[in-house]
Amino acid sequence: MTGSVSGSAVLAAAVGTSLLAAWGFGALSDKSAQAASPPAAVVRMTETATPIQRGADGHYWARAQVENKPVALLVDTGAAAVVLRPADARVLGLNPETLDYSQSVRTVSGMAQAASVTLSSVTVAGVEIRDVAALVVQADLPHSLLGMSFLGRLSGFEATPEGLVLKP
């Protein structure tokens with residue numbers, strides 16, 4: 001994993017997610033959000049894909065392996081990038097105090113700062129994607145997010161009665 005800046009990345013809001021509304025994140029419109037993902041999608045199946053089960057709270061919670069370390073991620077199609085809270089960044093070997101929080105992120109509550117990083121590997125439900133753009137948000141969020149810098153590199157995903165199915 002590298003902590004280097006990987007271009008301009010922006011955190012977008014989960015418009016339909018009441019949990020994020022409680023956090024105060026609103027919609028963003030920034031052309032740089034489109035640059036959040038590296039252009040080449042490297043996707044592979046690591047095992048038989050299994051659906052991501054819906055939690056008791058109605059949200060999809062992914063038990064991800066990020067840099068071969070377990071991280072719980074709230075699936076959020078309204079987030080432009082994978083977003084890490086400082087505590088999860090520490091688990092991955094990053095020091096949040098030394099990151100460059102040069103990305104301004106507009107939220108419902110106002111502006112916040114985020115640091116752009118690249119995760120060498122993110123695996124969710126048997127699907128691995130390499131070189132995933134992510135943000136470490138300076139504000140301490142209750143949960144990290146699995147956003148479109150991962151989900152957008154899939155051929156698709158579908159909510160079924162069995163859970164959220166990722167399609168490499």
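Residues numbered from 1 in each chain as written. Predicted model: local features only at pLDDT ≥ 70, side-chain atom pairs only at ≥ 80, totals over all residues. Heavy atoms only, no water.

Some points on unusual backbone geometry
Then comes step 1: One non-glycine residue, Asn 68, adopts positive backbone phi at about 65°.
Then comes step 2: Within the secondary structure, Asn 68 is located in the loop between strand 2 (61-66) and strand 3 (69-75).
Then comes step 3: In this model, Ala 125 sits at a positive phi of 50°, which is unusual for a non-glycine residue.
Then comes step 4: Mapping Ala 125 onto the fold places it in the loop between strand 6 (110-124) and strand 7 (127-137).
Then comes step 5: What makes Ala 125 buried here is its relative accessible area of 16%. (Helix = DSSP H or I, 4+ residues; strand = E, 2+ residues; numbered from the N terminus. Buried < 20%, exposed > 50% of the residue type's maximum accessible area, 1.4 Å probe, protein only.)

Remarks on the side chain of Asp 88
Then comes step 1: With respect to the helices and strands, the residue Asp 88 is situated in helix 2 (residues 86-91).
Then comes step 2: Sequence-distant contacts of Asp 88, that is, excluding residues within four places in its chain, are made with Val 71, Ala 72 and Ser 144. (Contact = heavy atoms within 4.5 Å.)

Some remarks on the environment of Leu 146
Then comes step 1: For Leu 146, the position within the fold is in strand 8 (residues 144-146).
Then comes step 2: By relative accessible area, which is 0% here, Leu 146 ends up buried.
Then comes step 3: Leu 146 sits 69 residues away from Thr 77 along the chain, and the two C-alpha atoms are 7.8 Å apart.
Then comes step 4: If near-sequence neighbours (up to four positions away) are discounted, Leu 146 is found in contact with Ala 62, Leu 73, Leu 74, Val 75, Asp 76, Val 82, Val 124 and Leu 151.

Some thoughts on the pairing of strand 9 (residues 156-160)
Then comes step 1: As paired strands, strand 9 and strand 10 (residues 163-167) are joined by 5 bridges and run antiparallel to one another. Pairing of Gly 156 across the sheet is with Lys 167, part of strand 10.
Then comes step 2: Between strand 9 and strand 10, which pair antiparallel one after the other, the connecting turn spans 2 residues. (Pairing = 2+ DSSP bridges.)

Structural notes on the environment of Glu 158
Then comes step 1: Here Glu 158 shows up in strand 9.
Then comes step 2: Between the alpha carbons of Glu 158 and Pro 51 there is a distance of 9.3 Å; along the sequence they are 107 residues apart.
Then comes step 3: Of note is the side chain of Glu 158, whose polar atom sits 3.2 Å from the side chain of Lys 167. (Polar contact = N/O pair within 3.5 Å; in protein donor to acceptor, adjacent residues only side chain to side chain.)

Here we look at the nonpolar core
Then comes step 1: The biggest cluster of nonpolar side chains holds 32 residues, and the ones touching the most others in it are Ile 52, Leu 119, Val 124, Leu 146, Phe 150 and Leu 166.
Then comes step 2: Contributing elements (two or more residues each) for this core: strand 2, strand 3, strand 4 (82-84), strand 6, strand 7, helix 3 (148-151) and strand 10.
Then comes step 3: Counting residues in each nonpolar core, the second largest holds 10 residues, with Ala 79, Ala 81, Leu 135 and Leu 145 among its members. (Core = buried A, V, L, I, M, F, W, Y, C linked by side-chain atoms within 4.5 Å.)

Function cannot be read off these values alone, since they describe shape.
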